[in-house]
Amino acid sequence: GIQVEQSPPDLILQEGANSTLRCNFSDSVNNLQWFHQNPWGQLINLFYIPSGTKQNGRLSATTVATERYSLLYISSSQTTDSGVYFCAVGAYSGAGSYQLTFGKGTKLSVIP
Amino acid sequence: DTAVSQTPKYLVTQMGNDKSIKCEQNLGHDTMYWYKQDSKKFLKIMFSYNNKELIINETVPNRFSPKSPDKAHLNLHINSLELGDSAVYFCASSPSLGGQGRYNEQFFGPGTRLTVL
């Protein structure tokens, strides 16, 4: 199946700093989503971005599908950005079924 | 106005018991899923249902049985609970299964934390 690797696994930032999270995937995909799992465990949709660039406030994401990677940028980080950021890619398996495969996440801690 | 809801939020039970988790979505989506998040936060697909038909069963023990009474509901029944079943279980939905465009964008419920003692 498709492999999804996220880096770095852990990141500690001072409030106000910027960061870039990376997601590499091993094959062509139909879908790529970024999620934020907050400290209460809720999975929040950040971006649906199989290709191109999108921005939402202080967050932006870029996916270069031909080179099989996606980047999530967080600018002017706030303590509420803390949590785990997941990249998930959607693709068809060998049996023809479609599924979303998650990376192991980047745990972000923003300290005041 | 919750889009994907799950009950209960927490479930604590003894080994060997049978339990169910319920999921409902009010987004009008055709496809629903169950995921398991282990203690290391790794999320893995368990089941996928499209229009009430099982599409994926990712090598899940047959003690786990999903049931979809209609497109808006997907329940998970677990028999003979084991210690290793302790995890957070997430329900999700998407407009459809696969294809291009945002039809396959998935939205997650709040999760159910299952603890087996």
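All values reported here derive from a predicted model rather than from experimental measurement. (Residues numbered from 1 in each chain as written. Chains lettered and ligands numbered in written order. Predicted model: local features only at pLDDT ≥ 70, side-chain atom pairs only at ≥ 80, totals over all residues. Heavy atoms only, no water.)

1. Some remarks on the state of the cysteines
Tallied over the entire structure, the rule returns two disulfides over all chains. One disulfide bridge connects Cys23(A) with Cys87(A), the sulfur atoms lying 2.0 Å from each other. Across the S-S bond of Cys23(A) and Cys87(A) the torsion is about -60 degrees, and the bridge reads as left-handed. Remark: Cys87(A) occurs in strand 9 (residues 83-92) and Cys23(A) occurs in strand 3 (residues 19-25); sequence separation between them is 64 residues. The exposure class of Cys23(A) is buried, given its relative accessible area of 0%. Two residues, Cys23(B) and Cys91(B), share a disulfide whose sulfurs are 1.8 Å apart. (Disulfide = S-S within 2.5 Å. Helix = DSSP H or I, 4+ residues; strand = E, 2+ residues; numbered from the N terminus. Buried < 20%, exposed > 50% of the residue type's maximum accessible area, 1.4 Å probe, protein only.)

2. A short note on unusual backbone geometry
In this structure, the amide linkage connecting Ser7(A) to the following residue, Pro8(A), adopts the cis form with an omega of -10 degrees. On the secondary structure map, Pro8(A) appears in the loop between strand 1 (4-7) and strand 2 (10-14). The omega torsion across Thr7(B) and Pro8(B) is -5 degrees, close enough to zero to call that bond cis. Mapped onto the secondary structure, Pro8(B) falls in the loop between strand 1 (4-7) and strand 2 (10-13).

3. Some details on the pairing of strand 4 (residues 31-37) of chain A
All names here are of chain A. Of all seven residues in strand 4, seven are buried, a share of seventy percent or more. Burial of the side chains of strand 4 extends over both faces: Asn31, Gln33, Phe35 and Gln37 are buried on one face and Leu32, Trp34 and His36 on the other. When strand 4 meets strand 9, the two strands line up antiparallel, connected through seven bridges. Bridged to phenylalanine 35 within strand 9 is phenylalanine 86. Sheet analysis places strand 4 next to strand 5 (residues 43-48), joined by five bridges and oriented antiparallel. The residue bridging glutamine 33 from the neighbouring strand is tyrosine 48, located in strand 5. Counted between consecutive antiparallel strands, the loop separating strand 4 from strand 5 contains five residues, among which glycine 41 sits at a positive phi close to 95 degrees. (Pairing = 2+ DSSP bridges.)

4. Description of the sheet that holds strand 7 (residues 64-70) of chain B
Residues and elements named next belong to chain B. The four strands are arranged 1-3-8-7 in an open sheet whose pairing can be described as antiparallel. For this open sheet the edge positions go to strand 1 and strand 7, each flanked by a neighbour on one side alone. Put simply, the sheet's adjacent strands are angled 20 degrees from each other on average, direction ignored. Direction of pairing for strand 7 relative to strand 8 (residues 73-78): antiparallel, over a ladder of five bridges. Its bridge partner being in strand 8, proline 66 is matched across the sheet by leucine 76. (Axes fitted to C-alpha atoms, helices over the stretch in contact; angles between N-to-C directions.)

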